[in-house]
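# Topology and contacts: notes
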Amino acid sequence: MSYTAQQVIESAYRDIGMRLPTTEQLQEALDDIFKPMVSRWSVQSLLQKPMVVEEAFTLVAGTNVYTIGPSGTFNTVRPLEIADAFLRDTNNTDTPLEVTTGLRDYNLVQDKTIKALPDRLYYAADHPLGKLHLDPNPDLAYTLKLFSRKPLPIFSTLATVVDLPDEYVEPLRMNLAVLLALRNSVILDNIYIAAAVGGQQNLKESHAPTTNR
């Protein structure tokens, strides 16, 4: 569902018994507490498992390194991780790519100018732009289909509308309420604090990779 930062923050304030926060309090909560909290959650890969985005980009024949991120070769949100990828040719034939972050393996490729159908993709999550390395060097302008894990959406302003998975909303609100309570010297019931911590832990557990036995 779609929410604004103000809706989430106001709900958190109500949880700590402050029903009419001022505009200044709302803005301070956004800048000093909510944004940093969301950023911390975004770098925890276990909280990113459901946030997989499918995108398509056109390669350039003879070019095997691409930047990805705002104003990069592929202008999009910089991925935290590439979950999967494949190439599609003009006949709509798909070729899976082995995805790895092992750039040492890429660096060991002696001749990076050999042109052929790539079968490996190396991703370096550099900042501010990630880098995609393809091996071999693409011989044609294939379509690259990427399935990547993105950061949680950013609430830039109080009015910013963000589409969040339903299972995130309550843990976000409750953990924000705990931090707001600390900021405003409000004593919360231990049961509420335990529920907030448990909500985040449940997200981690439900989104953790499963092992086939």
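For the structure given in this document, a descriptive report is provided here.

The rules behind the values
Residues numbered from 1 in each chain as written. Predicted model: local features only at pLDDT ≥ 70, side-chain atom pairs only at ≥ 80, totals over all residues. Heavy atoms only, no water. Axes fitted to C-alpha atoms, helices over the stretch in contact; angles between N-to-C directions. Helix = DSSP H or I, 4+ residues; strand = E, 2+ residues; numbered from the N terminus. Parallel < 35°, antiparallel > 145°, perpendicular 65-115°, else oblique. Left-handed = near helix turned anticlockwise from the far one by under 90°. Contact = heavy atoms within 4.5 Å. Nonpolar A, V, L, I, M, F, W, Y, C, P; charged D, E, K, R; others polar. Salt bridge = Lys/Arg side-chain N within 4 Å of Asp/Glu carboxyl O. Buried < 20%, exposed > 50% of the residue type's maximum accessible area, 1.4 Å probe, protein only. Core = buried A, V, L, I, M, F, W, Y, C linked by side-chain atoms within 4.5 Å. Pairing = 2+ DSSP bridges.

The subject of this paragraph is the packing of helix α2 (residues 23-42) against helix α4 (residues 166-183). Contact geometry of α2 with α4 gives a least axis separation of 11 Å together with a crossing angle of 130°. Judged by the angle between their axes, α2 and α4 are oblique. The two elements α2 and α4 meet at a crossing, and its hand is right-handed. Residue-level inspection shows E28, A29, D32, I33, F34, M37, V38, R40 and W41 of α2 in contact with α4, the latter providing Y168, P171, L172, N175, L176, L179, L180 and R183. Residues belonging to the contact of α2 with α4 are distributed by class as follows: 12 nonpolar, one polar and four charged.

Turning our eyes to something else, we now look at the environment of H127. Topologically, H127 is positioned in the loop between β8 (120-124) and β9 (130-135). A sequence separation of 59 residues divides H127 from I68, and the C-alpha atoms of the two residues are 9.9 Å apart.

Here the structure, examined in full by the defined rule, presents nine salt bridges. Two residues, K145 and E54, come together in a salt bridge whose shortest N-O distance is 3.0 Å. Of this pair, K145 sits in strand β11 (residues 143-149) while E54 sits in strand β2 (residues 52-58), and the two are 91 residues apart along the sequence. For K145, a relative accessible area of 14% puts it in the buried group. Judged by its relative accessible area of 48%, E54 falls in the partly exposed class. Residue R149 is joined to E81 by a salt bridge in which the shortest nitrogen-to-oxygen separation is 3.2 Å. Of this pair, R149 sits in strand β11 while E81 sits in strand β4 (residues 81-88), and the two are 68 residues apart along the sequence. Residue classification places R149 among the buried residues on the basis of a relative accessible area of 14%.

So, on to the packing of helix α1 (residues 5-15) against α2. Put simply, α1 and α2 touch, their axes get as near as 10 Å, and they point 95° apart. In terms of their interaxial angle, α1 and α2 are classed as roughly perpendicular. Taking contact as the criterion, the partners of A5, Q6, V8, I9, E10 and Y13 in α1 are, on α2, Q25, L26, A29, L30 and F34. Of the residues in the contact of α1 with α2, the class split is eight nonpolar, two polar and one charged.

A few words now on the nonpolar core. I9, F34, L172, L176 and L180 are the most contacted members of the largest nonpolar core, which has 33 residues in total. When residues of this core are traced back to their parent elements, those giving at least two are α1, α2, α4 and α5 (190-207). If you tally residues by element for this core, the top one is α4, at nine residues. Not counting chain neighbours up to four residues away, the residues in contact with L172 comprise F34, M37, V38, W41 and L164.

This part takes up the pairing of β4. By the bridge criterion, seven bridges tie β4 to β11 in an arrangement that is antiparallel. The residue of β11 that forms the bridge with E81 is R149. Joining the antiparallel neighbours β4 and strand β5 (residues 94-96) is a turn of five residues, in which N92 adopts a positive phi near 60°.

Attention shifts here to the sheet that holds β5. The strand order across the open sheet built from four strands is β2-β11-β4-β5, with neighbouring strands paired in antiparallel fashion. Every other strand in the sheet has two partners, leaving β2 and β5 as the edge strands with one partner each. Neighbour-to-neighbour, the strand axes of this sheet turn through a mean angle of 25°, independent of strand direction. Relative to β11, β2 is paired through seven bridges, and the arrangement is antiparallel. The residue of β11 that forms the bridge with E55 is L146.

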